[in-house]
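Listed below are the residues making up each chain.
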Amino acid sequence: MSFVESEERIALRKAVSEFGAKYGHDYFIAKARAGEKTTELWEEAGKLGYLGVAVPEEYGGGGGGIGDLAAVCEELAAAGCPLLLMVVSPAICATVIARFGTEEQKSKWLPGFADGTLKMAFAITEPDAGSNSHKLRTNVRRDGDDWVLKGTKTYISGIDEVDAVLVVAIQQTGPVLVVVPTSAEGFTWHQIGMDLVAPEKQFTLFFDDVRLPSDAVVGSPDQGLLQVFAGLNPERIMGASMATGSARLAVSKAVTYAQQRTVWGSPIGSHQGLAHPLAKIHIEIELARLMTQKAAALYDSGRDKEAGEAANMAKYAAGEAIAAAVDQAIQTYGGNGLTAEFGLASMLGMSRMARIAPVSREMVLNFVAQNSLKLPRSY
Amino acid sequence: MNIVVLVKQVPDTWSERKLTDADHTLDRESADAVLDEINERAVEEALQLQEAHGGEVTVIAMGPDRATDAIRKALSMGADKAIHVSDEALHGSDVLATAKVLAKAIGTVENVDLVIAGNEATDGRAGAVPAILAELLGLPQVTQLRKVTVEGTTIKGERETDEGVAFLEASLPAVVSVTEKINEPRYPSFKGIMAAKKKPVSTVTVADLGIDASEVGLSGAYTQVLEAAPKPPRSAGQRVEDGGDGGSKIAEFLVGQKLI
Ligand SMILES: Cc1cc2nc3c(=O)[nH]c(=O)nc-3n(C[C@H](O)[C@H](O)[C@H](O)COP(=O)(O)OP(=O)(O)OC[C@H]3O[C@@H](n4cnc5c(N)ncnc54)[C@H](O)[C@@H]3O)c2cc1C
Ligand SMILES: Cc1cc2nc3c(=O)[nH]c(=O)nc-3n(C[C@H](O)[C@H](O)[C@H](O)COP(=O)(O)OP(=O)(O)OC[C@H]3O[C@@H](n4cnc5c(N)ncnc54)[C@H](O)[C@@H]3O)c2cc1C
């Protein structure tokens, strides 16, 4: 057993961290405020193989695991560039297609995931089915060789910048995963106004009898549930990584400021009222990172079930860590913490997102209560 | 075209660099060690020349065990193989000894057409290794270049100085040194990182290179550091009051500093 990452993983972190620093937090905020995307960052990361680290080598990817992809996501976030679409496109969509897709589907989609030239959103949440996925209503039915999709999804990130969206829909035998190109006829969307400072936007999607070819459903239609679960672990691991990366950024900004700012003759970082909360949060971030790496290691060694528990715990811990980190960083900066110049207030919305998406803190606690502790369920 | 790139591991310029109290050599524990930035550019230049002209890129580093990290970085950028000269006896070596060892190490690589070094290391800052090396190897030296091209067996380079730009030429094989203006180094790709571990690195000692240990290291050095003091804290700087001529005063200051 080893508690240190491999030499290659550490080298990957360093490389991505230096690469991310070239863009940085100011770049990210400026793009978000201007309503623009971080296209050049995404493209360059794609060319360097950072977005395709987990895609199998035979399709042009790096042949690594979700642990490598999570390291990329975390380091970019720590450099000030949390890429929300990394959580869905290469992590959920590419993983599901690589694990369950037909040979044709893999050759069609995976090379684009490998170099980042293809982006795919992921849609499970519905207006009446967020935490409660048993109430999913979007349905897909056979019509001859075709599939016909009908329903509504909401809070779906990035529709305005992707080529296609992987939709969780219900058919007779249960859920299936359907690839819907954004150009499909009958597919429209509407942007949701969000008070988040992020280049990626959220949308409500409308599928009005969208007709899709027979290969639109990923793999075998009776394996849908398995596919959804296979995609959710990487999603949680990535969500946790993005959160711990951003939390590291917040703490490092706070620490730098606490060393420089003097109010009573010594740096404010010498006051335990500021030093202890930062130390505590640093510990919590490290614990969340450790659990995230454990979840990734379990997932990459094919232990889906144990990975599920670890991934949920990691997501929970990371969500708490980022909320506390941004909160304390702003406090450390005093009034400067709320200025546009220092960029901390811009992280506030994002710092709460990790408690809600992709699965809420309460639902993780439900999961742990029922599955790990075998307590009765209340709902 | 076979290229050797000389890469040095140095303390990160962003961290506080210190000398040890015992023998005034670099306190390697006090700072993060990185591949010298100028050497990243030297590697980049070698890779670009290789892309245009083929051949092999070998990196050579002289330094303690942990210099393998710097070597790995160069290999992950795309260099093909490496030679690591690592020997306790090298501790405290001066510029002459460093150049001597590097010359011998270059001698173990077959059919070298070009040696690329940085113009000066960010820690030692002697800026002398490339020139001494060229003398020892009996090769032409084209130093301090901001641009390098190879045409047939001729190497052409541009050297930028305060007085103007010099256009230089030499026949291959040759030694060149490059400045920070030469290029923007690439980031290692994921495939490059994964491949680096499998690339050959031969670790050699001073004896392997046929050098007597007494010729190198602190005892073999021609100069000696007798005393060292930490640099004084930054002074307050110069304040310019803007009485309408603030702009030209700033320009004057910058001209004085040779910044514009
Ligand atoms: C920025 C952002 C991006 C998103 N991107 C995507 C995306 O790309 N694709 C996608 O499919 N979805 C996306 N989502 C949706 C996200 O996954 C959901 O918001 C999340 O699953 C919670 O669902 P909900 O919003 O419907 O909350 P609800 O289910 O309405 O829950 C409301 C509150 O009730 C609590 N609650 C519910 N049930 C219980 C219970 N049994 N016990 C205790 N408490 C309970 C919840 O924890 C929560 O606090 C995104 C959301 C956000 C905010
Ligand atoms: C803390 C400290 C103490 C020192 N003490 C003494 C002393 O007591 N007496 C004394 O004479 N000198 C001393 N020196 C100088 C030291 O010996 C030189 O740093 C060294 O010999 C190489 O010179 P340079 O790094 O300045 O090289 P430069 O000439 O500035 O380097 C130019 C280029 O040469 C190549 N190169 C240089 N070194 C290497 C290497 N090791 N491996 C691979 N390529 C390399 C690189 O491409 C580099 O970019 C000391 C240096 C330091 C940092």
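Note that the structure is predicted; figures quoted are calculated from it, not measured. Residue positions within a chain follow its written sequence, with the count starting from 1. For naming, the first written chain is A and the first written ligand is 1, with later ones following in the order written. Thresholds applied to this predicted model are a pLDDT of at least 70 for local features of residues and 80 or more for the giving and counting of side-chain atom pairs; totals over whole chains, interfaces and linings are not thresholded and use all residues.

Draft legend 1. Up close: the overall build of chain A. Helix and strand labels come from DSSP, where a helix needs a run of H or I of at least four residues and a strand needs a run of E of at least two; each type is numbered from the N terminus. When its secondary structure is counted, chain A shows ten helices and seven strands. Computation of the radius of gyration draws on C-alpha atoms, with the globule rule given as 2.2 Å multiplied by the number of residues to the power 0.38. The C-alpha radius of gyration computed for chain A amounts to 21 Å, which stays within 12% of the reference 21 Å derived for 379 residues, consistent with globular compactness. Based on the C-alpha atoms only, the size of chain A along its principal axes is roughly 80 × 45 × 40 Å. Field definition: a residue is buried when 20 or more other C-beta atoms are found within 10 Å of its C-beta, exposed when 12 or fewer are, and partly exposed for counts in between, with C-beta atoms placed from the backbone. For chain A, the residues scored as buried account for 49% of the 379 residues in total.

Draft legend 2. Region of interest: the site of ligand 1. Residues and elements named next belong to chain A. Taken together, 22 residues are adjacent to ligand 1, and Thr125, Gly130, Ser131, Ser360 and Glu362 come closest. Mapped onto the shell around ligand 1, the elements with two or more residues apiece are strand 1 (120–123), strand 3 (146–157), helix 9 (348–356) and helix 10 (361–372). In terms of residue class, the shell around ligand 1 is made up of 14 nonpolar, seven polar and one charged. Segmentation into domains, and thus their bounds, comes from an automatic or database assignment. Each of two domains, domain 2 (121–221) and domain 3 (224–372), supplies a minimum of three residues to the shell around ligand 1. Here, nearness is defined through the C-beta atom: a residue counts as near a molecule or strand if that backbone-placed atom lies within 6 Å of it. Polar here means any residue outside two lists: the nonpolar Ala, Val, Leu, Ile, Met, Phe, Trp, Tyr, Cys and Pro, and the charged Asp, Glu, Lys and Arg; Gly therefore counts as polar.

Draft legend 3. Structural detail: the domain arrangement of chain A. Residue and element names in this part refer to chain A. Here chain A is partitioned into domain 1 (7–119), domain 2 (121–221) and domain 3 (224–372). When each unit is reduced to the centre of its C-alpha atoms, the spacing between domain 1 and domain 3 is 20 Å. The contact criterion used is a C-beta to C-beta distance within 7 Å, with each C-beta placed from the backbone. Across the boundary between the two partners, domain 1 contributes 24 residues, which contact 24 residues of domain 3. Taken together, the elements giving at least two residues each to the side of domain 1 that touches domain 3 come down to helix 1 (7–33), helix 3 (66–78) and helix 4 (84–100). Ranked by the residues each element gives to the side of domain 1 that touches domain 3, the list is headed by helix 3, at ten residues. Split into classes, the residues belonging to the side of domain 1 that touches domain 3 amount to 15 nonpolar, five polar and four charged.

Draft legend 4. Molecular detail of the interface of chain B and chain A. Chain B puts ten residues into the contact, and the matching count from chain A is 13 residues. Counting only elements with at least two residues in the side of chain B that touches chain A, the list comes to helix 2 (68–77) and helix 5 (190–196) of chain B. Take the side of chain B that touches chain A: its biggest share by element is four residues, from helix 5 of chain B. Split by residue class, the side of chain B that touches chain A holds five nonpolar, two polar and three charged.

Draft legend 5. Structural context of unusual backbone geometry. With an omega of -5°, the peptide bond between Ala357(A) and Pro358(A) qualifies as cis. Structurally, Pro358(A) is set in the loop between helix 9 and helix 10. That bond from Leu172(B) to Pro173(B) is cis: its omega, -5°, falls within 30 degrees of zero. Turning to its location among the elements, Pro173(B) is positioned in the loop between strand 9 (165–171) and strand 10 (174–178). Positive phi, normally seen in glycine, also occurs at Asp209(A), with a value near 50°. Secondary-structure assignment places Asp209(A) in strand 7 (residues 202–212). Take Asp209(A): there are 11 C-beta atoms within 10 Å of it, and that puts it in the exposed class. Here Asn111(B), not a glycine, exhibits a phi torsion of approximately 45°, which is positive.

Draft legend 6. Spatial organisation of the nonpolar core. Each nonpolar core consists of buried Ala, Val, Leu, Ile, Met, Phe, Trp, Tyr and Cys residues. Their C-beta atoms, within 7 Å, join them into a set. Formed by 188 residues in total, the largest nonpolar core has its most connected members in Val165(A), Val178(A), Val5(B) and Ala74(B). With 17 residues, helix 8 (residues 304–333) of chain A is the single largest residue contributor to this core. Apart from the residues within four sequence positions on either side, Val5(B) is in contact with Ala42(B), Val43(B), Ala46(B), Val57(B), Val59(B), Ala74(B), Ala79(B) and Ile116(B).

Draft legend 7. Seen up close, the confidence of the model for chain B. In this model, chain B carries a mean pLDDT of 93, and residues with pLDDT of at least 70 account for 100%. Complex prediction metrics read pTM 0.90 and ipTM 0.90. Across the chain, each position has a pLDDT score giving the predictor's confidence in that residue, from 0 to 100.

Draft legend 8. View of the site of ligand 2. Taken together, 36 residues lie near ligand 2, and Asp94(B), Gly118(B), Ala121(B), Gly124(B) and Ala126(B) sit nearest. When residues of the shell around ligand 2 are traced back to their parent elements, those giving at least two are helix 1 (37–53), strand 4 (57–62), helix 3 (95–107), strand 6 (114–118) and helix 4 (129–137) of chain B.

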